[in-house]
Amino acid sequence: MPNEFEQAIAALRDDGVIAYATEAVFGLGCDPDSEPAVQRLLAIKQRPVEKGLILIAADLAQLQDYIDLGQLSADQLTRVQASWPGPFTWIMPARATTPAWLTGQFDTLAVRVTAHPQVQALCRTFGKPLVSTSANLTGEAPARCVADIGAPLAHLLAYILPGEVGEQANPSEIKDARTGAVIRPS
């Protein structure tokens, strides 16, 4: 029988939506390159596609197929890289090839290089970043443990990976990589 980690990877490869611990809350994740998986995640969250999503990765290299680093100055890129790995999400210019199911109505994409060891291992084993959004219905409090995910949400997920959230009290801060403006404080 596969272990818990292998079950989570299998669910991701099968276009499933999983729940997993991040720096502050449990997240919902799926394969960013699978439109059916992303649409499933959006339906579970009751989130409109126009809002765009966050990708979480083990390292910057995993994000380079989705973001256009050439549109950032050396100083802007240095500021971003100085905050990673960690609970900092940056809005960056998206590549023209990045699907609209990730960017929503924007020409940018929110991305984060995580410091959470379990998420790093998930992304490395899966071979790419994951879509990452808080494990809750839109407008409700995010889950901080497996028990918080609750029946209404849990039965819609392909797998819930047991794990412990990190020390962060709040979800990641979101900043614009070009302007430095805070979009969502931590």
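Everything here concerns the structure above.
The sections below set out a description of the structure shown in this document. Residue positions are given per chain, counting from 1 as you read along its sequence in written order. Given that this is a predicted model, residues contribute local features only at a pLDDT of at least 70 and side-chain atom pairs are listed and counted only at 80 or more, while totals for whole chains, interfaces and linings are drawn from all residues. Side-chain numbers here rest on the full set of heavy atoms in the structure, without hydrogens or water.

### Notes on helix H1 (residues 4-13)
And then number 1: Buried means the residue's accessible area, taken with a 1.4 Å probe over protein chains only, is under 20% of the maximum for its type, while exposed means over 50%, and partly exposed covers the values in between. Numbering goes from the N terminus for both helices and strands, where a helix is a DSSP run of H or I of at least four residues and a strand is a run of E of at least two. Here H1 has its buried residues at Ala8, Ile9, Ala11 and Leu12. The buried residues of H1 occupy one face: seen down the axis, they fall within an arc of 160 degrees.
And then number 2: By the convention used here, residues are in contact when the closest approach between their heavy atoms is within 4.5 Å. On its buried side, H1 packs onto strand E1 (18-21), strand E2 (26-30), helix H5 (117-126), strand E6 (130-134) and strand E7 (159-160).
And then number 3: We define a polar contact as two N or O atoms separated by no more than 3.5 Å, with the added condition that, inside protein, one atom must be a possible hydrogen donor and the other a possible acceptor, whereas residues neighbouring each other in sequence contribute only through side-chain atom pairs. Between a side-chain oxygen at the N-terminus of H1 and the backbone nitrogen of phenylalanine 5 the separation is 2.9 Å; the capping residue is asparagine 3.
And then number 4: Downstream of H1 by one or two residues, aspartate 15 has phi in the positive range, about 65 degrees. Summarising the geometry, the arc corresponds to the directions from the helix axis toward the C-beta atoms.

### Focus on the environment of threonine 89
And then number 1: With respect to the helices and strands, threonine 89 occurs in strand E4 (residues 88-93).
And then number 2: By relative accessible area, threonine 89 is classed as buried at 0%.
And then number 3: Counting along the chain gives 82 residues from threonine 89 to proline 171, while the straight-line C-alpha distance between them is 9.6 Å.
And then number 4: Setting aside its immediate chain neighbours within four residues, threonine 89 contacts Ile54, Ala110, Val111, Arg112, Ser172, Glu173, Ile174 and Lys175.
And then number 5: One polar contact links threonine 89 to serine 172, side chain to side chain, over a distance of 2.7 Å.

### Overview of the nonpolar core
And then number 1: The biggest cluster of nonpolar side chains holds 39 residues, and the ones touching the most others in it are Leu28, Leu63, Trp84 and Met92.
And then number 2: Ranked by residues supplied to this core, first place goes to helix H2 (residues 35-45) with five residues.
And then number 3: Ignoring sequence-local partners within four residues, the contact set of methionine 92 consists of Ile67, Leu69, Leu72, Val80, Trp84, Thr108, Leu109, Val111 and Ala177.
And then number 4: Grouping buried Ala, Val, Leu, Ile, Met, Phe, Trp, Tyr and Cys residues that are joined through side-chain atoms within 4.5 Å yields what is termed a nonpolar core. Residues Ala11, Cys123, Phe126 and Leu161 belong to the second largest nonpolar core, which totals 15 residues.

### Overview of the side chain of threonine 103
And then number 1: Mapping threonine 103 onto the fold places it in helix H4 (residues 100-103).
And then number 2: Under the relative-accessibility criterion, threonine 103 is labelled buried at 6%.
And then number 3: Apart from the residues within four sequence positions on either side, threonine 103 is in contact with Gly52, Ala94, Thr98, Thr108 and Leu109.

### Remarks on unusual backbone geometry
And then number 1: The linkage connecting tryptophan 84 with the following residue, proline 85, adopts the cis geometry, with an omega of -10 degrees.
And then number 2: Its identity is not glycine, yet aspartate 15 carries a phi of approximately 65 degrees, on the positive side.
And then number 3: With respect to the helices, strands and loops of the structure, aspartate 15 is situated in the loop between H1 and E1.
And then number 4: Phi is positive for glutamine 46, which is not a glycine, with a value near 60 degrees.
And then number 5: If you trace the backbone, glutamine 46 turns up in the loop between H2 and strand E3 (54-57).

### As for the side chain of histidine 116
And then number 1: Structurally, the position occupied by histidine 116 is in the loop between strand E5 (108-113) and H5.
And then number 2: Polar contacts involving the side chain of histidine 116 include one to the main-chain carbonyl oxygen of glutamate 164, which spans 2.8 Å.
And then number 3: Discounting residues that sit within four places of it in the chain, histidine 116 has contacts with Ala21, Thr22, Glu23, Glu164, Val165 and Gly166.

### A look at the environment of glutamine 168
And then number 1: Within the secondary structure, glutamine 168 sits in the loop between E7 and strand E8 (173-176).
And then number 2: Given the relative accessible area of 32%, glutamine 168 is considered partly exposed.
And then number 3: Expressed as a C-alpha distance, the spacing of glutamine 168 and alanine 24, which sit 144 residues apart in the sequence, is 4.6 Å.

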